[in-house]
Amino acid sequence: MAPSLYAPLPADRFNIRLIKLQPSDNPSAPILCQLVTYPINSDRPGAHSYECLSYVWGTEEYRKCIEIDIGEAVLNFPATPNLYEALLHIRDPVFEQILWIDAICINQDDDEEKATQVAAMARIYGLAKRVVVWLGPEAEGSTLAFEELRNQAQSYLSADRSSSDETKPKDEATALLRRPYFRRMWILQEVTAARNILFKCGDAELQTSTFIAGLDALKRLDDWQIRGRILPFLNLIKSSAFRESLKGQTHLNIEPLTTLIDQFHTHDASNPLDKIYALWGLCSDSQSMTRLQPDYRKSWETLLKDLGKIVFGDHSTIAASKDRQMM
């Protein structure tokens with residue numbers, strides 16, 4: 001029998017899988033990782049020694065194989081082009097890196113495992129030493145956009161914040177903020193849980209404080225769709241600055257779940273169930289929302305009916321379309 005990439009996770013305590021990304025100074029060299037199991041403990045003080053990747057899965061076509069060492073064999077894993085590109089840019093020329101990446105570290109074919117891991121996403125991201133936000137490869141002047149954000153941040157932090165001067169973003173910065181990353185539902189929880197964030201786009205990098213200050217300096221956003229996404233995104237990142245640790249909690253306690261759904265239902269998710277599940281770790285009322293807890297065996301129709309009964313009451317009659325997977 002051919003070896004499987006995924007062995008069942010131990011049930012005696014909460015475990016996750018991590019990959020050890022092997023170093024290379026050759027950008028053309030194959031991407032090699034080792035897959036390991038790791039017991040995660042949210043009661044331990046300080047961050048754990050792994051990083052999380054926050055990114056858009058992107059197109060499922062034209063996948064590129066990365067090599068994963070599971071001990072008894074080296075297996076090929078078909079990564080989406082965006083994930084493959086991210087690993088190329090993250091890979092260090094000298095040192096091994098330890099990463100948690102949802103597409104690889106969760107067995108996506110095991111609905112039970114996926115539900116358990118997804119319900120703990122806030123915990124996984126909140127205990128990481130850093131979250132790397134991958135915005136994609138260099139394009140449409142994105143490196144210039146990072147420079148603009150850096151310059152705007154320096155001016156903003158050195159100036160009187162009470163000034164009413166407004167700065168209009170240049171085309172490069174606007175193009176950057178239109179990237180699919182900022183429309184993705186899962187990023188809301190990932191950046192809110194993060195202790196520390198590194199923003200990467202191609203070879204360009206910005207630390208959390210610089211990225212936030214740069215966006216704060218761009219007061220005038222003519223594109224209201226961008227404005228509607230970026231301002232809540234900024235507020236969520238800022239809220240994480242006041243949280244030292246999860247202290248054993250599994251939820252970030254931002255808002256009630258129905259409030260979060262109302263605020264962010266226009267964000268994108270490949271799986272319609274994630275329009276709700278991606279907000280689960282952010283909610284402040286998980287105890288009263290148990291019927292909306294992640295369960296990938298449910299249909300979208302059933303989940304939407306469960307949501308309707310919570311909003312309108314158990315005795316209400318709810319009809320949900322099987323065909324229109326919208327909220």
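Structure's up top.
In this text, all values refer to a predicted model and were calculated from it rather than measured experimentally.

Draft legend 1. Just the packing of aromatic side chains, in detail. On inspection of all chains with the given rule, the structure shows seven aromatic pairs. Between the aromatic rings of Tyr-181 and Phe-182, the centroid separation amounts to 5.5 Å while the plane-to-plane angle is 90°, which identifies the pairing as edge-to-face. For Tyr-181, a relative accessible area of 1% corresponds to the buried category. Exposure remark for Phe-182: the relative accessible area of 1% places this residue in the buried category. Members of the aromatic cluster, connected to one another through ring pairs, are Phe-146, Phe-199 and Phe-211. Cation over ring: Lys-114 sits above Tyr-296, and NZ or CZ is 4.4 Å from the ring centre.

Draft legend 2. Inspection of the nonpolar core at higher detail. In terms of nonpolar packing, the biggest core is built from 100 residues, with Tyr-50, Ile-66 and Trp-100 touching the most fellow members. If one sorts the elements of this core by residue count, helix H9 (residues 224–240) sits on top with six residues. Ignoring sequence-local partners within four residues, the contact set of Tyr-50 consists of Ile-16, Leu-18, Tyr-38, Ile-40, Ile-98, Trp-100, Arg-123, Ile-124, Leu-127, Ala-128, Lys-129 and Arg-130.

Draft legend 3. How the structure looks around the environment of Pro-256. Mapped onto the secondary structure, Pro-256 falls in the loop between H9 and helix H10 (257–264). Note: C-alpha distance between Pro-256 and Ser-284 (28 residues apart in sequence) is 5.0 Å. Apart from the residues within four sequence positions on either side, Pro-256 is in contact with Cys-283, Ser-284 and Asp-285.

Criteria and cut-off values
Residues numbered from 1 in each chain as written. Predicted model: local features only at pLDDT ≥ 70, side-chain atom pairs only at ≥ 80, totals over all residues. Heavy atoms only, no water. Phe/Tyr/Trp six-rings, centres within 6.5 Å; stacked < 30°, edge-to-face > 60°. Buried < 20%, exposed > 50% of the residue type's maximum accessible area, 1.4 Å probe, protein only. Lys NZ or Arg CZ within 6 Å of the ring centre and 35° of its normal. Core = buried A, V, L, I, M, F, W, Y, C linked by side-chain atoms within 4.5 Å. Helix = DSSP H or I, 4+ residues; strand = E, 2+ residues; numbered from the N terminus. Contact = heavy atoms within 4.5 Å.

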